[in-house]
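Each chain, written out:
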Amino acid sequence: MVYADVIVDISVKSLDRPFQYRVPPELLEDAVVGALVRIPFGRGNREMQGYIIGLSGEARFDVSRIKNIQEVVKQGVVAESHLLSLAYWIKENYGATMNDAIKVVLPVKQEIRQKVQRTIYPAMQREELEKLAALWEKKHYRARVRLLQAILESPASWEEGLDHDTAVRQLPVTTAVVRELERQGVITVETARKYRNPISGGERDVPPKLNQRQQEVVESLLSDYRRGIRGTYLIHGVTGSGKTEIYMQIIQEIVDQGKQAIMLIPEIALTFQTVKRFYSRFGDRVSVMHSRLSQGERFDQFTRAKNGDIDIMIGPRSALFTPFARLGLIVIDEEHESSYQSDMPPRYHAREVAVKRASMVGASVVLGSATPSLEAYYRALQGRYRLFTLEERAGGAVLPKVWITDMRQELEENNRSVFGRKLMALMEEKLKRKEQVILFLNRRGYAGFVSCRKCGEVLRCPHCSVSLTVHQRQGKIHHLECHYCGYHISMPGTCPQCGSKYIGAFGIGTQKVEELVREQFPYARVLRMDKDTTSGKGGHEKILEEFAGQGADILIGTQMIVKGHDFPNVTLVGVLAADLSLNIGDYRAGEKTYQLLAQAAGRAGRGRKPGDVVIQTYQPEHYSIVAAAEQDYQAFYRQEIGMRQILQYPPVSNILGVLVLSEKEDQARKLAALLAGQLRSRQDIQTLGPTEAPLAKLRDVYRQMVYGKCRDYRVLRQMKNQMEQYMREHEEYRDCRLQFHFNS
Ligand code: ADP
Ligand code: ZN
Ligand code: ZN
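Residues numbered from 1 in each chain as written. Chains lettered and ligands numbered in written order. Predicted model: local features only at pLDDT ≥ 70, side-chain atom pairs only at ≥ 80, totals over all residues. Heavy atoms only, no water.

**Observations regarding the coordination of the zinc ion (ligand 2)**
Inference 1: Taken together, Cys452 (SG), Cys455 (SG), Cys495 (SG) and Cys498 (SG) make up the protein donors of the zinc ion (ligand 2), found 2.3 to 2.4 Å from the metal.
Inference 2: Geometry at the zinc ion (ligand 2) is tetrahedral, judged from the 4 donor atoms that bind it and their angles of 106 to 114° at the metal.
Inference 3: Between consecutive donor residues of the zinc ion (ligand 2), the sequence gaps follow C-x2-C-x39-C-x2-C. Of this pair, Cys452 sits in strand E18 (residues 451-452) while Cys495 sits in the loop between strand E21 (488-490) and strand E22 (503-504); the two residues are 43 residues apart in sequence, bridging distant segments of the chain.
Inference 4: Overall, the relative accessible area of 3% leaves Cys495 in the buried class. (Donors = N, O, S within 2.8 Å, 3.2 Å for Na, K, Ca; no water. Tetrahedral: all angles 85-135°; square planar, octahedral: opposite > 155°, others 65-115°. Helix = DSSP H or I, 4+ residues; strand = E, 2+ residues; numbered from the N terminus. Buried < 20%, exposed > 50% of the residue type's maximum accessible area, 1.4 Å probe, protein only.)

Structure, rendered in structure tokens:
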């Protein structure tokens, strides 16, 4: 007898363990690990679905009590079995039910009705059709005649047929007419399954000859690979240093060896150029998976990957779970991007899961960034990742000149505009020369904090080194609070540093910037890219393409515009409110600011013409800003890692955030306090909180947060398991839910 361990498809903690079922002989062939099955469940034998996660020859219970699997759901997707082990690892490391973790690794569960291509062929000789057409003409069968005429007039009807859907739409004829003619034997309709390819062809490009540094990187990586060495590599290369070209040439060799590759990118809409480059290099052996695809399109890509019809999958976080059977390489471009961490439970990080999956199947991982995450760089320096550095731009373009404008000084000298004088002067100059300008408004952390316009002071938590967040009551600032430890003060009337009354929560929107630009430069053509102007399919691409085609002189936007694009005619990037992101009340604020500024600076002077960057800030002495202006990652890293060391933040230590959710506020508070107590009972954990989460209440659910820091990740994982256990055993908290945030 064969028995199957089945995880029931509902996310309830108490059912989050495998149940054993018997596999009846007629299902043996289809009941493989990863299959979706129908089973009778519980006392009432309610029909449910579940996944087989293991098979064995031994019953763990009294055989008379083991039920049979009813059916294997045929169109259910079967997971590569290592993906199920990966799901288990995700559940253990990030906190989730097994069922939720399985959903992460099996992104498409049910087959969607496939798009078919139908073609109409004539089933008679030309003369016969002509006769029939004449006859029907007399009888006024107009639709039938239209269809026959279309067949007769198209030169290749007898060889290639007519596309059914086009004919129906354009002639037009109803499908009933088509069926009737088919029934009469006048025509035949043939069906072929068609894969929906979300992007179609184009010219194939020729790989350029690598420069010496690129060649060295590719060679060392591939020589490891050829010798059977698998590892994780970090390519730290300034924007434009040719990293993408390196990925493509490594992938080429891996694919030539019969292996498959996954290429993760932060977000398709913003990295469309990268996707296009892959298509023109690898043609239809590439596919993309992203959130804008229809269910059917996703399923097709998934099937093609599984069947081995493609070698390369490009996509965001979720593409990591592409069911390749011969996976040889995972590339993560712009490795530092926060979109690689899931914002829904389980809150896994693609970088870590990639390294895990690669180690399970004998693949290598390549991480690339101009501004590596502290995690990746720290590990590289520890020797856990192999580090490559590229310091020069590939096409010979030079890095831009960077200017810092101290906005306090501007105020001092009576310039109250959002544009400093340097930026104004350079804009005028560039516009005169018909070159393009990008104005980047750093909106991260927008208006959530309090600062002084006179001296630049930002109000911070004395314990956690993050800015205090504004809490409002009735539309007014009520008090300021720390997200981590709950420290709070009332809103001061003057700046505690310099005594000025220019203190408050400041902010400006892209729309306002556009207005001001139009006022100052009435002759310039302006484009704005933000949430309002990019809604709808292809919204980003349209704006970016218009700007790339020089349909505008100035592009104004938020974080969206600083990523990955290549605009050769842009010679000036202005960063407004550069320091806003220093104040997101998060220990990664300095890191995010450095990344944003360095990426923004990387947009200038990508072509032959030299570029300028102006960074406007109230905190010109902050190390993130100074280092970004000098494009000096190492200097930034040394400062930042020092701060993490002192305050025991990742990657030096680990931090577990436990989010307690409940519709009953007192329950949420009680449980949070209790869990904080559990953490405090451990000597090796430093506990913060409980405190209200940054969003203290969301859709009527109260949110409390507790943090624990510990050097040893395993200790935090163990605490997570202990809390999960506690929740299973304590009925009184059944109205509460927990979410775990590891190192995020
Ligand atoms: P990154 O990914 O580091 O930003 P890219 O691979 O996009 O860099 O390269 C930047 C630009 O330089 C691109 O336009 C690319 O086509 C070009 N490029 C890269 N490598 C070479 C090379 N070896 N020879 C010529 N041009 C190159
Ligand atoms: Zn001040
Ligand atoms: Zn604090």
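Right, picking up where we left off after that structure.
**Some remarks on the site of ligand 1**
Inference 1: Not every one of the 16 residues close to ligand 1 is listed here, only the nearest: Lys209, Gln214, Gly240, Thr244 and Arg277.
Inference 2: Interatomic distance of 2.8 Å between a backbone N/O atom of Lys209 and a nitrogen atom of ligand 1.
Inference 3: Between ligand 1 and Ser241 there is a distance of 3.2 Å, counted from an oxygen atom to a backbone nitrogen or oxygen.
Inference 4: The biggest single contributor to the shell around ligand 1 is helix H9 (residues 243-256), with 3 residues. (Near = heavy atom within 4 Å. Polar contact = N/O pair within 3.5 Å; in protein donor to acceptor, adjacent residues only side chain to side chain.)

**Some thoughts on the sheet that holds strand E17 (residues 436-441)**
Inference 1: With respect to topology, 6 strands assemble into an open sheet ordered E16-E26-E25-E17-E24-E23, the strand pairing being parallel. Looking along the sheet, the strands with just one partner apiece sit at the ends: strand E16 (401-406) and strand E23 (526-529). Put simply, the sheet's adjacent strands are angled 15° from each other on average, direction ignored.
Inference 2: Sheet topology note: the E23/strand E24 (residues 554-557) ladder contains 4 bridges and is parallel. Within the sheet, the bridge partner assigned to Val526 lies in E24 and is Ile554.
Inference 3: Relative to E23, helix H17 (residues 539-548) is tilted by about 150°, and along the sheet it contacts E17, E23, E24 and strand E25 (570-576). (Pairing = 2+ DSSP bridges. Axes fitted to C-alpha atoms, helices over the stretch in contact; angles between N-to-C directions. Contact = heavy atoms within 4.5 Å.)

**Topic: the pattern of salt bridges**
Pairing is possible between side chains that carry opposite charge, provided their charged atoms lie close to one another.
Inference 1: Enumeration according to the criterion identifies 39 salt bridges in this entry.
Inference 2: Here Arg281 makes a salt bridge to Glu245, at a shortest N to O gap of 3.0 Å. Linking Arg281 in helix H10 (residues 272-282) with Glu245 in helix H9, this pair joins segments that are 36 residues apart in sequence.
Inference 3: Since its relative accessible area comes to 6%, Arg281 is described here as buried.
Inference 4: Note on Glu245: relative accessible area 7%, which makes it buried.
Inference 5: Here Asp684 makes a salt bridge to Arg682, at a shortest N to O gap of 3.0 Å.
Inference 6: Given a relative accessible area of 37%, Asp684 falls into the partly exposed group. (Salt bridge = Lys/Arg side-chain N within 4 Å of Asp/Glu carboxyl O.)

**Regarding the packing of helix H1 (residues 81-94) against helix H2 (residues 98-105)**
Inference 1: Between H1 and H2, the shortest axis-to-axis distance is 8 Å and the interhelical angle comes to 130°. Here H1 is positioned oblique relative to H2, judged by the angle of their axes. The interaxial crossing formed by H1 with H2 has right-handed handedness. The residues of H2 that touch H1, namely those facing Leu83, Leu84, Ala87, Tyr88, Ile90 and Lys91, are Met98, Ala101, Ile102, Val104 and Val105.
Inference 2: Class assignment for the residues of the contact of H1 with H2 results in 10 nonpolar, no polar and 1 charged. (Parallel < 35°, antiparallel > 145°, perpendicular 65-115°, else oblique. Left-handed = near helix turned anticlockwise from the far one by under 90°. Nonpolar A, V, L, I, M, F, W, Y, C, P; charged D, E, K, R; others polar.)

**Some details on the nonpolar core**
Side chains of a nonpolar character, in soluble globular proteins, are inclined to be buried together.
Inference 1: Ranked by size, the top nonpolar core spans 132 residues in total, and within it Ile90, Phe321, Ile330, Tyr484, Leu671 and Leu738 carry the most contacts.
Inference 2: The element that contributes the greatest number of residues to this core is helix H22 (residues 713-729), accounting for 7 residues.
Inference 3: Excluding anything up to four places from it in sequence, Ile330 contacts Ile262, Leu320, Ala354, Ala358, Ser364, Val365 and Val366.
Inference 4: Within the second largest apolar cluster, 31 residues are counted, among which are Val217, Tyr247, Phe282 and Val286. (Core = buried A, V, L, I, M, F, W, Y, C linked by side-chain atoms within 4.5 Å.)

**Points about the packing of aromatic side chains**
Inference 1: Tallying each qualifying case throughout the model produces 18 aromatic pairs.
Inference 2: With 4.8 Å between their ring centres and 70° between their planes, Tyr377 and Tyr633 make a pair best called edge-to-face. Taken together, the positions of Tyr377 in helix H13 (residues 374-382) and Tyr633 in helix H20 (residues 633-647) put the pair 256 residues apart, joining distant regions of the chain. A single burial state applies to Tyr377 and to Tyr633, both of which are buried.
Inference 3: The rings of Tyr377, Tyr594, Tyr623, Tyr633, Phe636 and Tyr637 are connected pair by pair, giving a single aromatic cluster.
Inference 4: The ring of Trp403 has Lys422 lying over it, and the distance from NZ or CZ to the ring centre is 3.8 Å.
Inference 5: The positively charged end of Lys709 is found above the aromatic ring belonging to Tyr649, 4.2 Å away from the centroid. (Phe/Tyr/Trp six-rings, centres within 6.5 Å; stacked < 30°, edge-to-face > 60°. Lys NZ or Arg CZ within 6 Å of the ring centre and 35° of its normal.)

**Points about unusual backbone geometry**
Inference 1: That bond from Leu171 to Pro172 is cis: its omega, -15°, falls within 30 degrees of zero.
Inference 2: With respect to the helices and strands, the residue Pro172 is situated in the loop between helix H6 (164-170) and helix H7 (175-183).
Inference 3: The amide bond that connects Gly689 to the next residue, Pro690, takes the cis arrangement and shows omega of 10°.
Inference 4: The topology assignment puts Pro690 in strand E28 (residues 686-698).
Inference 5: Even without glycine at this site, Gln550 takes up a positive phi of about 60°.
Inference 6: Mapped onto the elements of the fold, Gln550 is located in the loop between H17 and E24.
Inference 7: For Gln550, a relative accessible area of 40% translates into the label partly exposed.
Inference 8: With a phi angle near 55°, Gln648 is a residue other than glycine that sits in the positive phi range.
Inference 9: The topology assignment puts Gln648 in the loop between H20 and strand E27 (654-662).

**Some points on the sheet that holds strand E29 (residues 701-710)**
Hydrogen bonds between backbone atoms are what pair the strands of a sheet, whose relative direction is either parallel or antiparallel.
Inference 1: The sheet built from 4 strands is open, its strands ordered E28-E29-E27-E30 with antiparallel pairing. Each edge of the open sheet is held by one strand with a lone partner, namely E28 and strand E30 (736-742). Within this sheet the neighbouring strands show an average axis-to-axis angle of 20°, counted without direction.
Inference 2: In the sheet, E27 pairs with E29 via 9 bridges, with the strands oriented antiparallel. Opposite Val660, over in E29, you have Gln704 as the bridge partner.

**Notes on the pairing of strand E2 (residues 19-22)**
The two faces of the sheet receive side chains in turn, since in a regular strand these alternate between them.
Inference 1: Residues Phe19 and Tyr21 point to one face of E2 and Gln20 and Arg22 to the other, with burial holding for every one of them.
Inference 2: Sheet topology note: the strand E1 (residues 3-8)/E2 ladder contains 4 bridges and is antiparallel. Its bridge partner lying in E2, Val6 is registered against Phe19.

**Points about the side chain of Thr571**
Inference 1: One can find Thr571 in strand E25.
Inference 2: For Thr571, a relative accessible area of 0% corresponds to the buried category.
Inference 3: Here Glu435 takes part through its side chain, which lies 2.7 Å from a polar atom of the side chain of Thr571.

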